[in-house]
Amino acid sequence: METKYANAAMLAIGPGLLFALSACDAALPPREEVPRLAVDAGWPTIPAGAKFGEVSAVDVDAAGNVWVLHRAGRKWAEPFPKEPIPEPAVFKFSPDGKLLAQWGAGLFVMPHGISIDPAGKVWITDVAREQVMRFSPEGALELTLGERGVTRQDAGHFGRPADVAFLPGRVLVADGYVNTRVAAFAPDGTFIRDWGDFKVAHAVAVDEAHIYVADRENARIQIFDHADKLLASWPSLAGNHTYGLKPLGGGRLLAVEGRDGADRNGAILRVYAADGTTEASYDIGLPGEDASLGHDIAIGPDGHIYVTDVAGGRVVRLSLPAHVNRTNADQSR
């Protein structure tokens, strides 16, 4: 991404350095070419007057309703501001894309992750507040983990917590941009333990046998059993950076990459087989350099896939091609 600023600096540097910069630009590998996958252009419906900003996260509840977390009118910029976003940051859509509810005005500073637990509770991470919060579906705050504005890696603090997933009796927090771990808590917020040595643990997801962690800046996906034992490490293709992931069943995994190995933004979907090999790859980004940054992913009970695009300011719905879904069905029998 730094190469975007090279042209602006050319007037202030000598010819030797200019040649070196040009050589570096020329050395960048070409962008990966994978098939484009169409998205549902009419989904969702955003009412007139509703602010829809950087779309950070998405999850789906048991009824198929789609929960979207966005930074209404706010862009990621450091140092983070102190004041909360005055507009609602949580949108709840029906499966057909109708806005059912919105809440969260005045609560979040830099919201990042949203996850719906099996009881329908809404868990949200805020990297500026350094907190993980649990809400009722109607938006009532029920539980807060972490000390507001304080960054530490211990039982009572976070370092920019990114994402949340759930196992029976455990809440798993990918922690995060500053810290290097997954932290486990009881549902009432009691700290249990932590583990890992990640470089931006950006997403965490679980299935019947595994815990998956997007170890983003190490360009890999780490797979653990439910006792937190490392089972495998899947390097991303060409050093690409995985931002979000969700299990497909049978040990298969769907992931979205927001940056490639040359730090160029995009939105690439990967379908991984249970052994870590790549079954399929698709481009779902907007046209134009750095126009999209795929950030989070969710799968509905009807099989629809939802992906957030921070740079594009959107959440999209799509379906995998039939032969990929058929492979999934065959492996899960």
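Computed from a predicted model, the values in this text were never measured in an experiment.

Undergrad: Talk me through the overall build of the chain; I want residue IDs and the actual numbers.
TA: Along the chain, the regular secondary structure elements total three helices and 23 strands. Counting every position in the chain, which comprises 333 residues, the buried fraction comes to 53%. Taking the intrachain contacts of the chain between residues at least 6 apart in sequence as the baseline, contacts between residues at least 24 apart amount to 45%. Summed over its atoms, the accessible surface of the chain is roughly 14,200 Å², and 56% of this surface lies on carbon and sulfur atoms.

Undergrad: Could you give an account of the sheet that holds strand β8 (residues 141-145), naming the residues involved and the relevant values?
TA: As summarised here, the arrangement of the four strands in space is β5-β6-β7-β8, forming an open sheet in which the pairing is antiparallel. Lying at the two open borders of the sheet, with one neighbouring strand each, are β5 (111-116) and β8. Taken pair by pair, the neighbouring strands of this sheet meet at an average axis angle of 20°, ignoring direction. Relative to β8, strand β7 (residues 131-135) is paired through four bridges, and the arrangement is antiparallel. Of the residues in β8, the one forming a bridge with Phe135 is Leu141.

Undergrad: Before we move on, could you go through the nonpolar core and cite the residues and values that matter?
TA: Looking at soluble globular proteins, one finds that nonpolar side chains tend to be buried together. Leu269, Val307, Leu318 and Leu320 are the most contacted members of the largest nonpolar core, which totals 17 residues. Those elements that place two or more of their residues in this core are β18 (252-259), β19 (265-272), β20 (278-283), β22 (305-309) and β23 (314-318). Ranked by residue count, the leading element in this core is β19, at three residues. Beyond its immediate sequence surroundings of up to four residues, Leu318 is in contact with Leu37, Ala38, Val39, Leu269, Ile284, His304, Ile305 and Val307.

Undergrad: Could you give an account of the packing of aromatic side chains, naming the residues involved and the relevant values?
TA: For the structure on display, the rule yields 15 aromatic pairs. Their ring planes at 85° and their centres at 5.0 Å tell us that Trp76 and Phe80 sit as a pair that is edge-to-face. Residue Phe80 is classed as buried on the basis of its relative accessible area of 15%. Among the aromatic residues, those joined into a ring-pair cluster are Trp43, Phe52, Phe91, Phe93 and Tyr306.

Undergrad: Give me the environment of Gly53: which residues, what numbers.
TA: In this structure, Gly53 sits in the loop between α2 (15-27) and β1 (54-60). Counting along the chain gives 36 residues from Gly53 to Ala89, while the straight-line C-alpha distance between them is 8.7 Å. Apart from the residues lying within four places of it in its own chain, the contact partners of Gly53 are His70, Arg71, Ala72, Gly73 and Gly313.

Undergrad: Break down the sheet that holds β1 for me, with residues and values.
TA: Strand pairing within a sheet occurs via backbone hydrogen bonds; the two strands may be parallel or antiparallel. In space, the four strands of this open sheet follow the order β1-β2-β3-β4, with antiparallel pairing throughout. Of all the strands in the sheet, just β1 and β4 (99-103) have a single pairing partner and so form its edges. Taking the axes of each pair of neighbouring strands and ignoring which way they run, one obtains an average angle of 20° across the sheet. The pairing of strand β3 (residues 90-93) with β4 spans four bridges and is classified as antiparallel.

Undergrad: Can you lay out the confidence of the model for the chain for me, pointing to particular residues and giving the numbers?
TA: Per-residue pLDDT for the chain averages 91, and the proportion of residues at 70 or more is 90%. Contacts from residues 1-23, a stretch scored under 50 in pLDDT, to residues over four places away or in other chains number eleven contacts. In this model, residues 327-333 is a region of pLDDT below 50 whose contacts with residues beyond four sequence positions or in other chains number eight contacts.

Undergrad: Let's hear about the environment of Gly261: which residues, and what values?
TA: Tracing the backbone through its elements, the reader meets Gly261 in the loop between β18 and β19. Accessibility expressed as a relative area gives 44% for Gly261, which makes it partly exposed. For the pair Gly261 and Pro29, spaced 232 residues apart in sequence, the C-alpha to C-alpha distance is 9.0 Å. Sequence-distant contacts of Gly261, defined by excluding residues within four places in its chain, comprise Ala238, Gly239 and Asn240.

Undergrad: Kindly report on the pattern of salt bridges, identifying the contributing residues and their values.
TA: Tallied over the full model, the rule gives 22 salt bridges. Its salt-bridge partner being Arg270, residue Glu32 comes within 2.6 Å of it at the nearest N-O pair. You can see Glu32 sitting in the loop between α2 and β1 and its partner Arg270 sitting in strand β19, a full 238 residues away along the chain. Given a relative accessible area of 37%, Glu32 falls into the partly exposed group. Between Arg193 and Asp228 there is a salt bridge, and its shortest N-O distance comes to 2.2 Å. With Arg193 in strand β12 (residues 191-195) and Asp228 in the loop between β15 (220-225) and β16 (230-235), the pair connects residues that are 35 residues apart, well separated along the chain. Since its relative accessible area comes to 35%, Arg193 is described here as partly exposed. Given the relative accessible area of 10%, Asp228 is considered buried.

What counts and what doesn't
- Residues numbered from 1 in each chain as written.
- Predicted model: local features only at pLDDT ≥ 70, side-chain atom pairs only at ≥ 80, totals over all residues.
- Heavy atoms only, no water.
- Helix = DSSP H or I, 4+ residues; strand = E, 2+ residues; numbered from the N terminus.
- Buried < 20%, exposed > 50% of the residue type's maximum accessible area, 1.4 Å probe, protein only.
- Contact = heavy atoms within 4.5 Å.
- Areas by Shrake-Rupley, 256 points an atom, 1.4 Å probe, with all protein chains shown as cover.
- Pairing = 2+ DSSP bridges.
- Axes fitted to C-alpha atoms, helices over the stretch in contact; angles between N-to-C directions.
- Core = buried A, V, L, I, M, F, W, Y, C linked by side-chain atoms within 4.5 Å.
- Phe/Tyr/Trp six-rings, centres within 6.5 Å; stacked < 30°, edge-to-face > 60°.
- pLDDT = per-residue confidence, 0-100.
- Salt bridge = Lys/Arg side-chain N within 4 Å of Asp/Glu carboxyl O.

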